[in-house]
Amino acid sequence: MEQGGQNKFNLKLKELGKKPIITHPEHLMESGKVMPQSVELEEALLGALMLERDAYTKVAEFLFKEVFYKDHHQVIFGAIMSLSELNEPIDLLSVTNELKRLGKLELVGGAYYLSQLTYRVASSANIEYYARILLQKFLQRKVISLCTETIHYAFEDGIDIFDLVDHFTKIIFELVETVTKSKEKDIKNLIDETLNTIKELRDKKDGNNITGIPSGLKDLDSITNGWQNSHFIIVAARPGMGKSALMITLAKNAAIENKIPTAIFSLEMTAQDIVKRLLAAQSEMPIDKFTRAQLQDYELIQISDTLEKIKEAPLYIDESESVSLMDIRTKARRLKVQHGIKFIIIDYLQLMHNRDDKNGNREQEISSISRGLKSLAKELNIPIIALSQVNRAVEKEKDKRPKLADLRESGSLEQDTDMVLFIYRPEYYYKEQTEPLEKNMGYIDIAKNRHGATAEVKLSFEGQHSRFGDYVEHAVTNDTAPLDTMTQNADFLGESSTILGSKMNKKDDNNDISDVSRNQIEDF
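In this text, all values refer to a predicted model and were calculated from it rather than measured experimentally.

1. Remarks on the overall build of the chain
Stage number 1. Of the regular secondary structure elements, the chain holds 18 helices and ten strands.
Stage number 2. Pairs at least 24 apart in sequence give 70% of the contacts found in the chain among residues at least 6 apart.

Below, the structure written as structure tokens:
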């Protein structure tokens, strides 16, 4: 189940001359106690599987060999699984013949033992109940084993404690994933599921359905079809182009508008800065009113209404200043288990580091981080968006539009990502030109799309509200405040978080927007 992860860590242990991780915890004894198990239920379950024709289909999704405590019961269940895969009938005679073919009939006690199992069945009606009890016993054994091993290696000199924590966190997460959902699907079932999904989308009347996490930007969603599960996406731009505004837009539309559990790892801005931008974007009030404390009474009422909607959003903000790839993996797995997050945004990639990279080569370090984030997206089966800087060389070009070759500090970002998006705003570069220039407009250039088309999308840029929106012809507003100054002088809203909740709990490393108290608006 988690054997691949164990092998990698065992290599490190071998280099240090340590004993490898125990891979069969079912036989461990802890303080003289027998590991949790129920042999009687195992016998009854196996007997029921050989008596009732469709019994196996009721438990096949969540039952596997390792759930059984006795080795010979694992062998018997393995034979039953083989018969099911061959679409053969499962009964006493077929299981006996299969074990005989495998040369394991005598190992399990012979045909006599198999026949005795069928006599131990009181009723096959409760087979799912039996299976879930055995699954619970298996989980107990696994947790005992993992905790025992963790304690043992934590005492060992020479073991990197961060590697140890990361290793066992991964195993626990894989364990939860294994027992909560089926991973293996044959092509027949996959075709049926795919066709059903297509039919459901076709039958919907609005015609604007997307299959992934919506960006909330109509023209962008029409090309990407939303942010897809397991995809790793880069959003890159030079400073001042609006990366943070796009991040706020995507987080707002996912968490606030669509109630999709979303996590933001902000290595640059504080959690309060992000919440202020969310308030500005949601309430359509200029963000400088927050930083300069210029809100009027009617605007306070407007914020109160907005706050009611924001505080119910399943949004979690981590504002840790220095975050490694391993930190994000660990926190993301925890958020997945505790809060069911379905979308992650990282601001931004170049501020991350990788503890496993010892050679000091920054380009290789960024490459390993990008590969790790892609792996994490697949592991959690959610989309991950990472903001990224673009090389300064683009400023010297006549056409200021970034290209894939301009991605900063890594040649592998293009290779690892499923999609690369560049933000470009002509107004930023050509403010002084005499011919008419459309104001408050930006482009998102989809420079790479592994699973679809590339294109350029025109958007409206609302800098005073810290957000992007669907393109509006002849957008006006010529007094947009520079984004890089909007988060300064954050005295308003205060470091004491009088309005928007307490500072991030460093032990838990996240801010839950839902903890904001509406009544505190009166503190203004």
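Next comes the rest of the write-up.
2. Observations regarding a nonpolar patch on the surface
Stage number 1. Among the surface-exposed residues, Ile161, Phe162 and Val165 lie close enough to one another that they form a single nonpolar patch of about 260 Å² accessible area.
Stage number 2. Here Ile161 is to be found in helix H8 (residues 161-180).

3. Points about the packing of aromatic side chains
Stage number 1. For the structure on display, the rule yields six aromatic pairs.
Stage number 2. Taking 5.3 Å as the distance between ring centres and 85° as the angle between the ring planes, the aromatic pair formed by Phe64 and Phe138 counts as edge-to-face. With Phe64 in the loop between helix H3 (55-59) and helix H4 (71-85) and Phe138 in helix H7 (residues 127-154), this pair connects stretches of sequence that are 74 residues apart. An identical accessibility class is assigned to Phe64 and Phe138; each is buried.
Stage number 3. With a centroid separation of 6.5 Å and an interplanar angle of 55°, the aromatic rings of Tyr129 and Tyr130 are classed as tilted.

4. Some remarks on the pattern of salt bridges
Stage number 1. Under the criterion given, the structure shown has eleven salt bridges.
Stage number 2. A salt bridge links Glu308 to Lys311; the shortest N-O distance between them is 3.6 Å.
Stage number 3. Take Glu308: its relative accessible area is 29%, and that puts it in the partly exposed class.
Stage number 4. A salt bridge links Glu456 to Arg401, with the shortest nitrogen-to-oxygen separation between them at 3.1 Å. Residue Glu456 is found in strand E8 (residues 455-462), and its partner Arg401 is found in the loop between strand E5 (384-389) and helix H17 (413-416); the two are separated by 55 residues along the sequence.
Stage number 5. Judged by its relative accessible area of 42%, Glu456 is partly exposed.
Stage number 6. Connected through shared salt-bridge partners, Lys252, Glu257 and Lys309 make up one network.

5. Some words on the pairing of strand E3 (residues 315-318)
Stage number 1. Residues Leu315 and Ile317 point to one face of E3 and Tyr316 and Asp318 to the other, with burial holding for every one of them.
Stage number 2. Here strand E2 (residues 262-266) runs beside E3; their pairing, made up of four bridges, is parallel. Opposite Thr262, over in E3, you have Leu315 as the bridge partner.

6. Topic: the environment of Arg467
Stage number 1. Locating Arg467 in the fold gives a position in strand E9 (residues 467-470).
Stage number 2. Accessibility expressed as a relative area gives 13% for Arg467, which makes it buried.
Stage number 3. On a C-alpha basis, the gap between Arg467 and Leu250 in space is 8.9 Å, while along the polypeptide they are 217 residues apart.
Stage number 4. In contact with Arg467, other than residues within four places in its own chain, are Ala245, Thr249, Ala281, Glu284, Ser460, Phe461 and Glu462.
Stage number 5. Side-chain polar atoms of Arg467 contact the backbone oxygen of Ala281, separated by 2.7 Å.

7. Side note on the nonpolar core
Stage number 1. Counting 55 residues, the largest nonpolar core has Leu220, Trp227, Leu246, Met247, Ile274, Ile385 and Leu421 as its most contacted members.
Stage number 2. Counting residues per element, this core draws most heavily on helix H11 (residues 243-257), at nine residues.
Stage number 3. Ile274 has contacts with Met247, Ile248, Ile264, Ser266, Met269 and Ile317, leaving out every residue within four places of it along the chain.

8. A short note on unusual backbone geometry
The phi angle of most residues is negative, glycine excepted, and most peptide bonds adopt the trans form.
Stage number 1. Following Asp347, the chain continues to Tyr348 via a peptide bond in cis, the omega torsion being -5°.
Stage number 2. With respect to the element layout, Tyr348 can be found in the loop between strand E4 (343-347) and helix H16 (362-380).
Stage number 3. Its identity is not glycine, yet Asn225 carries a phi of approximately 60°, on the positive side.
Stage number 4. Turning to its location among the elements, Asn225 is positioned in the loop between helix H10 (218-224) and strand E1 (232-237).

9. Re the packing of helix H15 (residues 325-339) against H16
Stage number 1. One can describe the packing of H15 onto H16 by two numbers: an axis separation of 10 Å at closest approach and a directional angle of 15°. Between H15 and H16, the angle is such that the two are roughly parallel. Two packed elements cross with a definite hand, and for H15 against H16 that hand is right-handed. Counting all contacts with H15, which are made through Leu325, Ile328, Arg329, Ala332, Arg333 and Lys336, the residues of H16 involved are Ser368, Ile369, Gly372, Leu373, Leu376, Glu379 and Leu380.
Stage number 2. When grouped by side-chain class, the residues that make up the contact of H15 with H16 number seven nonpolar, two polar and four charged.

10. Focus: helix H5 (residues 92-102)
Stage number 1. If you check which residues of H5 are buried, you get Ser94, Val95, Thr96, Glu98 and Leu99.
Stage number 2. Just downstream of H5, Gly103 is the residue with a positive phi angle, here 75°.

11. A short note on the side chain of Asn449
Stage number 1. Within the secondary structure layout, Asn449 lies in strand E7 (residues 441-449).
Stage number 2. Classification of Asn449 as buried rests on a relative accessible area of 11%.
Stage number 3. Those residues within four positions of Asn449 in sequence are excluded, and the remaining contacts are Ile223, Asp418, Met419 and Thr454.

12. A closer look at the environment of Ser94
Stage number 1. Tracing the sequence through the fold places Ser94 in helix H5.
Stage number 2. C-alpha of Ser94 to C-alpha of Met50: the two residues are 44 residues apart in sequence and 8.8 Å apart in space.
Stage number 3. Those residues in contact with Ser94 that lie beyond four places of it in its chain are Leu83 and Pro89.

13. Description of the side chain of Gln74
Stage number 1. Relative to the helices and strands, Gln74 resides in helix H4.
Stage number 2. Residues in contact with Gln74, not counting those within four places in the same chain, are Lys65, Glu66, Phe68 and Tyr69.

14. Thoughts on the confidence of the model for the chain
Stage number 1. Confidence in the prediction of the chain, expressed as mean pLDDT, is 76, and 75% of residues score 70 or more.
Stage number 2. At the level of individual helices and strands, the chain shows its lowest average pLDDT in helix H1 (residues 3-15), which scores 48, and its highest in E4, which scores 93.
Stage number 3. In this model residues 21-30 is a low-confidence stretch, pLDDT under 50, and it forms 28 contacts with partners more than four residues away in sequence or in other chains.

15. Concerning the pairing of E7
Stage number 1. Most of E7 sits out of view: seven of its nine residues are buried.
Stage number 2. Pairing geometry for strand E6 (residues 419-424) and E7, over six bridges, is antiparallel. Looking at the pairing, Val420 lines up with Lys448 of E7.
Stage number 3. The hairpin formed by E7 and E8 contains five residues between the paired strands.

16. What to know about the packing of H4 against H5
Stage number 1. At their nearest, the axes of H4 and H5 sit 9 Å apart, and the two run at 105° to each other. Here H4 is positioned roughly perpendicular relative to H5, judged by the angle of their axes. Only Ser94, Val95, Glu98 and Leu99 of H5 make contact with H4, whose side of the interface consists of Val75, Ile76, Ala79, Ile80, Ser82 and Leu83.
Stage number 2. The residue inventory of the contact of H4 with H5, partitioned by class, reads seven nonpolar, two polar and one charged.

Criteria and thresholds
- Residues numbered from 1 in each chain as written.
- Predicted model: local features only at pLDDT ≥ 70, side-chain atom pairs only at ≥ 80, totals over all residues.
- Heavy atoms only, no water.
- Helix = DSSP H or I, 4+ residues; strand = E, 2+ residues; numbered from the N terminus.
- Contact = heavy atoms within 4.5 Å.
- Patch = residues over 30% accessible without salt bridge, like charges linked within 9 Å, V, L, I, M, F, W, Y side chains within 5 Å.
- Areas by Shrake-Rupley, 256 points an atom, 1.4 Å probe, with all protein chains shown as cover.
- Salt bridge = Lys/Arg side-chain N within 4 Å of Asp/Glu carboxyl O.
- Phe/Tyr/Trp six-rings, centres within 6.5 Å; stacked < 30°, edge-to-face > 60°.
- Buried < 20%, exposed > 50% of the residue type's maximum accessible area, 1.4 Å probe, protein only.
- Pairing = 2+ DSSP bridges.
- Polar contact = N/O pair within 3.5 Å; in protein donor to acceptor, adjacent residues only side chain to side chain.
- Core = buried A, V, L, I, M, F, W, Y, C linked by side-chain atoms within 4.5 Å.
- Axes fitted to C-alpha atoms, helices over the stretch in contact; angles between N-to-C directions.
- Parallel < 35°, antiparallel > 145°, perpendicular 65-115°, else oblique.
- Left-handed = near helix turned anticlockwise from the far one by under 90°.
- Nonpolar A, V, L, I, M, F, W, Y, C, P; charged D, E, K, R; others polar.
- pLDDT = per-residue confidence, 0-100.

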